[in-house]
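# Tertiary structure, described
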Amino acid sequence: MSAHGTPIPMTSQRSGPLSGQADVPGDKSISHRALILGALCVGETVITGLLEGDDVLDTAKAMRAFGAEVTRDASGIWHVHGVGVGGFAEPNQVIDCGNSGTGVRLIMGAMATSPITATFTGDASLNKRPMARVTDPLALFGAQAVGRAGGRLPMTIVGAAEPVPVRYTVPVASAQVKSAVLLAGLNAPGQTVVIEREATRDHSERMLAGFGAEIVTEETAEGRVITLTGQPELVPQRITVPRDPSSAAFPVCAALIVPGSDVLVPNIGLNPTRAGLFTTLREMGADLTYENLREEGGEPVADLRARFSPDLKGIEVPPERAASMIDEYPVLSVVAVFAQGATVMRGVKELRVKESDRIAAMTAGLRAGGVTIEDGPDWWIVQGLGHGKVPGGQTCASHLDHRIAMSFLVMGMATQAPVSVDDGSPIATSFPVFEALMAGLGADIRRG
Ligand code: S3P
């Protein structure tokens, strides 16, 4: 089934050398946060480079439903006139977050400490995903949640009329949960403290500080202790969204496995909490370099250059790196197939509750394409076959998951026989220009 209508089957044929420049879209995580924080301050926030994928457009729609004015001008710049911390209006319709776990979880946090009620839903993928990880800490602020069995959407949140600040240790490595608690803490008096044992992406902390909130992060024996002072007067910002490393992963990995390739992927956000894939690829022997490393809008940014890498070798990915590359394991598993030896990925149980069970989805599709894989609850081992030796020829189910669809299409660029996906329509959630961008580099992806 498709994310938003008719399924779009796609097939990727073996490609000649990929070359040129890949201008990938804006960062999805930062785009959601820019819209939400823009909606939480009085005045105009101006956003350049916003990702115009379905996930983020659904968040823009939601911010309008909570009372913010959100517009896009003719030059593609977005303007948010916010309502202030605690200023959200009660929406008069159900909030549909489509495919986006980040959207729904962050918005639930942002509204949970206001005296309003909102009902959330999503597509078939999102409505299967666990929400208790967010509603449990929101209950500590005084919010109530009523959803389907197992804490699934559709779900109604009754915001706390008199919120209290909380101290919360996040039980899973999740930036969405951490961010939901911080956003809820914005409208609670006093200090809200979030503790994470494993560092996850810190865009919320950086952006909250940028909008003028008092937020302090300390590295302690307990982990990272983040203290936010509630009820700040946020100050509207001009934000330039860096390009998404999670989207850059696809042209980068394609270049590494297609013989003769040389691709430049400019302006990629290299926040250390996001860049684990690139470190891993370099350890595998990838010819991947960072050019023009600089800082933009509080985030490290570089131009990535990826070339065909004839001597890729399998490695053991350190489990403590998992959070910094959590969305990149599917495409890493594809690169691993073209390496010599086994690639071992452990500590990755969160992959089972993403847009799909990503270990199961990749295991099924790779096995059907002639690859040997073993998997367990939180681990996964891919046996590399080496360049030129991967049969392919399979049709893979994308399970409403953009990253599964794109990973298999990348695989098909270097297999002996083409690789198909049953539905590429979810790609529009994060990377709407994927087909055109890959075609521009020389890839051969066809619909059907
Ligand atoms: C995200 C956090 C991650 C990631 C998702 C985006 C975010 O999810 O998988 O694509 O923007 O905070 P978890 O927080 O569930 O790990």
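For the structure itself, consult the block above.
Residues numbered from 1 in each chain as written. Predicted model: local features only at pLDDT ≥ 70, side-chain atom pairs only at ≥ 80, totals over all residues. Heavy atoms only, no water.

### As for the layout of surface pockets
- Reported here for the largest pocket is a volume of approximately 630 Å³.
- Residue lining of the largest pocket: 39 residues in total, with Ala173, Ser174, Ile326, Glu350 and Lys354 positioned closest to the centre.
- Taken together, the elements giving at least two residues each to the lining of the largest pocket come down to helix H1 (28-39), helix H3 (101-111) and helix H5 (175-185).
- For the lining of the largest pocket, a count of residues per class yields eleven nonpolar, nine polar and 19 charged.
- Summarising the domain contributions, the lining of the largest pocket has at least three residues from each of domain 1 (10-26 + 243-447) and domain 2 (28-229). (1 Å grid on protein atoms, 1.4 Å probe; cavity = no way out; pocket = protein on both sides within 12 Å on 5 of 7 lines; lining within 4 Å. Points joined across faces, edges and corners; volume = space filled by probe spheres on them. Helix = DSSP H or I, 4+ residues; strand = E, 2+ residues; numbered from the N terminus. Nonpolar A, V, L, I, M, F, W, Y, C, P; charged D, E, K, R; others polar. Domains from an automatic or database assignment.)

### Observations concerning the site of the ligand
- Close to the ligand lie Lys28, Ser29, Arg33, Thr102, Ala173, Ser174, Ala175, Gln176, Arg201, Ile326, Asp327 and Lys354, which account for all nearby residues.
- In this structure, Ser29 approaches the ligand through a side-chain N or O atom, which is 2.7 Å from an oxygen atom.
- The separation between an oxygen atom of the ligand and a polar side-chain atom of Ser174 is 2.7 Å.
- Of all the cavities here, the one that holds the ligand is the largest pocket.
- Elements with a contribution of two residues or more to the shell around the ligand: H1 and H5.
- When residues in the shell around the ligand are grouped by element, the largest group, three residues, is from H1.
- Partitioned by chemical class, the residues of the shell around the ligand number three nonpolar, four polar and five charged.
- In this structure, the shell around the ligand is formed jointly by two domains, domain 1 (10-26 + 243-447) and domain 2 (28-229), each of which donates at least three residues. (Near = heavy atom within 4 Å. Polar contact = N/O pair within 3.5 Å; in protein donor to acceptor, adjacent residues only side chain to side chain. Sits in = over half its atoms within 2 Å of the grid points.)

### Some thoughts on the environment of Gly122
- Topologically, Gly122 is positioned in the loop between strand E7 (117-121) and helix H4 (132-141).
- If near-sequence neighbours (up to four positions away) are discounted, Gly122 is found in contact with Asp96, Cys97, Gly98, Asn127 and Leu153. (Contact = heavy atoms within 4.5 Å.)

### Looking at the pattern of salt bridges
- In this structure the tally under the stated criterion is 31 salt bridges.
- Asp444 serves as the salt-bridge partner of Arg446, at 2.8 Å between the closest nitrogen and oxygen.
- Here the salt bridges share partners, and the residues they tie into one network are Arg129, Arg201, Asp327, Glu355, Arg358, Asp401 and Arg403. (Salt bridge = Lys/Arg side-chain N within 4 Å of Asp/Glu carboxyl O.)

### Some remarks on the side chain of Ser100
- When you line up the elements, Ser100 lands in the loop between strand E6 (95-96) and H3.
- Among the polar contacts made by the side chain of Ser100, one reaches the side chain of His32 at a distance of 3.4 Å.
- Within the structure, the side chain of Ser100 is placed 2.8 Å from the backbone nitrogen of Gly103, a separation counted as a polar contact.
- Ignoring sequence-local partners within four residues, the contact set of Ser100 consists of His32, Asp55 and Leu126.

### Remarks on helix H8 (residues 276-283)
- Taken as a whole, H8 has its buried residues at Gly276, Leu277, Phe278, Thr280 and Leu281.
- Packing partners of the buried residues in H8 comprise helix H7 (245-257), strand E16 (287-296), strand E17 (299-307), strand E18 (316-317) and helix H9 (329-337).
- Just downstream of H8, Gly285 is the residue with a positive phi angle, here 100°. (Buried < 20%, exposed > 50% of the residue type's maximum accessible area, 1.4 Å probe, protein only.)

### So, the packing of aromatic side chains
- Counted by the stated rule, this structure contains three aromatic pairs.
- With 6.3 Å between their ring centres and 85° between their planes, Phe250 and Phe434 make a pair best called edge-to-face. One end of the pair, Phe250, is in helix H7; the other, Phe434, is in helix H12 (residues 434-441), and 184 residues separate them in sequence.
- Taking the relative accessible area as the measure of exposure, Phe250 reaches 1% and is therefore buried.
- Where Phe431 meets Phe434, the ring centres are 5.4 Å apart and the plane angle is 70°; that geometry is what we call edge-to-face.
- Classification of Phe431 as buried rests on a relative accessible area of 0%.
- Its relative accessible area of 0% is what places Phe434 among the buried residues.
- Aromatic rings pair up to connect Phe250, Phe431 and Phe434 into one cluster.
- Across the ring face of Tyr290, the terminal group of Arg282 is positioned such that the distance to the ring centre comes to 4.2 Å. (Phe/Tyr/Trp six-rings, centres within 6.5 Å; stacked < 30°, edge-to-face > 60°. Lys NZ or Arg CZ within 6 Å of the ring centre and 35° of its normal.)

### Some points on the packing of H7 against H9
- Relative to each other, H7 and H9 sit at 5°, their axes nearing to 10 Å. Considering the angle they form, H7 stands roughly parallel to H9. Contacts between H7 and H9 involve Ala249, Phe250, Cys253 and Ile257 on the former and, on the latter, Val331, Val334 and Val335.
- Of the residues contributing to the contact of H7 with H9, the split by class is seven nonpolar, no polar and no charged. (Axes fitted to C-alpha atoms, helices over the stretch in contact; angles between N-to-C directions. Parallel < 35°, antiparallel > 145°, perpendicular 65-115°, else oblique.)

### Comments concerning H5
- Counting buried positions along H5 gives eleven out of eleven residues, so the element sits mostly inside the fold.
- When we look at burial in H5, the residues that qualify are Ala175, Gln176, Val177, Lys178, Ser179, Ala180, Val181, Leu182, Leu183, Ala184 and Gly185.
- In this structure Ser174 caps H5, since a side-chain oxygen of it lies 3.3 Å from the backbone nitrogen of Gln176.

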